[in-house]
Amino acid sequence: MNPRHLDLLRELADRHSVTAVAEATHRTPSAVSQQLRTAQRELGGIPLVEPHGRGVRLTEAGRLLADGGRDLARTIAQVQARWDAYLGSASGTVRLAALPSAAAVLLPEVLSRLADTPVSLECTDVDIAESEYPGMVADHDIVVGHSFTGPVPAGAEHLVTAALLREPLDIAMRADHTLATKARVTAQDLVLHEWYGVPLGYPFDDLRIAVETVTGTPVRVVQRLRDNRLVEALVASGDRVAVLPRYSTTPGAGIVLRPVHGMDAARWIVAILRPDRAERLAVRTVLDALRAVGREVVG
């Protein structure tokens, strides 16, 4: 059994298409397809892939071997980690992809902590749907995303996850807004004001739906926007309110945040890793820094 074949099947399981595997491994799609045929022939002719739409997907046998590829990669990484520990070195480049609002809270201090270490952090900011963050582990050592259902995002069940912090969702308003004098606002307070919302289906919208459910009154959403910084600027300039995360909202932006009485709305900021990459000593060093900073943010 050729370990390279197991690794190829793992790549296909992670990336879901021959074209994506070819791009990631700097090969042509025809070369990848040829290697899949070679693997199938050498493994007794049992089908490893089957037609699916315009491409292919792994068969049950292919998925079994792809899992074996993950196990093999993790074992090799564990040995490398033990060797690095023996040599007393956690060094190298760690590729990090992060949700911008989470990165704004975590990265400055993480980079400061890593400044005197031989670990180099290569950062990318990515603002995508919650369900897409687990797929990014194919190309990054650590992916920092968010989840509104719990500390393990949907689609990340087979990956290594680490909850970095739980961030409450509050109502943002101008500092001299009529509701700003309250320590907490109520759902009834909020239906009296116009809102800046998020596109339908975005998780922040769940708080708006909860307010409508409690009051039986529709909220007046005048704009639906994605960028938190834009929402901050608009809220600071008028009497409308919006849902914003507590720790990653810009301090001193002319707005204040107030929790909603009786509603425990929040999101989890989560680190997601492929099991083999989670074994790397340099990756663990960065993850430890992320966890430590997350604990400090929560206080």
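Data block above holds the structure.
Residues numbered from 1 in each chain as written. Predicted model: local features only at pLDDT ≥ 70, side-chain atom pairs only at ≥ 80, totals over all residues. Heavy atoms only, no water.

Chemist: Report on the overall build of the protein chain, specifying residues and quantitative values.
Modeler: Looking only at helices and strands, the protein chain features 9 helices and 11 strands. With respect to the three principal axes, the spread of C-alpha positions in the protein chain is 70 × 50 × 30 Å. Evaluated residue by residue, the protein chain yields a buried proportion of 46% over its 299 residues. Sequence separation of at least 24 residues holds for 73% of the intrachain contacts in the protein chain that already meet a minimum separation of 6. Counting every atom, the protein chain has about 15,000 Å² of accessible surface; 53% of that belongs to carbon and sulfur. For the protein chain, the distance from the average position of its 33 positive side-chain charges to the average position of its 36 negative side-chain charges is 2 Å. (Helix = DSSP H or I, 4+ residues; strand = E, 2+ residues; numbered from the N terminus. Buried < 20%, exposed > 50% of the residue type's maximum accessible area, 1.4 Å probe, protein only. Contact = heavy atoms within 4.5 Å. Areas by Shrake-Rupley, 256 points an atom, 1.4 Å probe, with all protein chains shown as cover. Lys, Arg positive; Asp, Glu negative; His and termini not counted. Charge placed at Lys NZ, Arg CZ, Asp CG, Glu CD.)

Chemist: Got a sec to walk through the environment of R74? Specific residues and values, please.
Modeler: On the secondary structure map, R74 appears in helix 4 (residues 60-87). In sequence terms R74 and A278 are 204 residues apart; their C-alpha atoms lie 8.4 Å from each other. Residues contacting R74, with those up to four places away along its chain left out, are P275, D276 and E279. Separated by 3.0 Å, the side chains of R74 and E279 make a polar contact. (Polar contact = N/O pair within 3.5 Å; in protein donor to acceptor, adjacent residues only side chain to side chain.)

Chemist: Before we move on, can you summarise helix 2 (residues 18-25) with the specific residues and values?
Modeler: Those residues of helix 2 that sit buried are V18, V21 and A22. Summarising the axial view, the buried residues of helix 2 lie within an arc of 100 degrees, below the 170-degree limit, and thus occupy one face. Looking at the packing, one finds that the buried side of helix 2 touches helix 1 (3-15), helix 3 (29-42) and strand 2 (55-58). Among the residues trailing helix 2, H26 stands out with phi positive, at a value near 60 degrees. (Arc of directions from axis to C-beta.)

Chemist: Tell me about the layout of surface pockets, and please be specific about residues and values.
Modeler: Taken as a whole, the largest pocket holds about 420 Å³ of empty space. Lining the largest pocket we find 17 residues, and of these L99, D127, H146, Y202 and R226 sit closest to its centre. Mapped onto the lining of the largest pocket, the elements with two or more residues apiece are helix 5 (100-114) and helix 8 (228-236). Broken down by class, the residue content of the lining of the largest pocket amounts to 8 nonpolar, 3 polar and 6 charged. The computed volume of the second largest pocket comes to approximately 330 Å³. Lining the second largest pocket we find 18 residues, and of these L12, A13, D14, H16 and R70 sit closest to its centre. Of all elements in the fold, only helix 1, strand 2 and helix 4 reach the threshold of two or more residues within the lining of the second largest pocket. In terms of residues, the lining of the second largest pocket owes the most to one element, helix 4, which gives 4 residues. Taken together, the residues of the lining of the second largest pocket sort by class into 9 nonpolar, 4 polar and 5 charged. (1 Å grid on protein atoms, 1.4 Å probe; cavity = no way out; pocket = protein on both sides within 12 Å on 5 of 7 lines; lining within 4 Å. Points joined across faces, edges and corners; volume = space filled by probe spheres on them. Nonpolar A, V, L, I, M, F, W, Y, C, P; charged D, E, K, R; others polar.)

Chemist: Summarise the environment of S33; cite the residues concerned and give the values.
Modeler: Relative to the helices and strands, S33 resides in helix 3. Here the alpha-carbon distance between S33 and H140, two residues 107 residues apart in the chain, equals 24 Å.

Chemist: Break down the pattern of salt bridges for me, with residues and values.
Modeler: Evaluated as defined, the whole model comprises 27 salt bridges. Among the ionic pairs, R174 bridges to D239, the shortest N-O distance being 3.1 Å. In this pair, R174 sits in strand 6 (residues 160-174) while D239 sits in the loop between helix 8 and strand 9 (241-245), placing the two residues 65 residues apart along the sequence. Judged by relative accessible area, which is 48%, D239 ranks as partly exposed. D205 is the salt-bridge partner of R224, the closest N and O atoms lying 3.4 Å from each other. (Salt bridge = Lys/Arg side-chain N within 4 Å of Asp/Glu carboxyl O.)

Chemist: Lay out the pairing of strand 7 (residues 194-197) with the relevant residues and their values.
Modeler: Within a regular strand, side chains alternate between the sheet's two faces. Where strand 7 lies against strand 8 (residues 220-224), 4 bridges are found, and the strand directions are parallel. For W195, the partnering residue across the bridge sits in strand 8 and is V221. The parallel pair strand 7 and strand 8 is bridged by helix 7 (residues 205-215), and the resulting crossover is right-handed. Looking at chain direction, strand 7 and strand 9 are connected through 2 bridges and run parallel. Looking across to strand 9, one finds that Y196 is bridged to A242. (Pairing = 2+ DSSP bridges. Right-handed = clockwise from strand over helix to strand, strands pointing away.)

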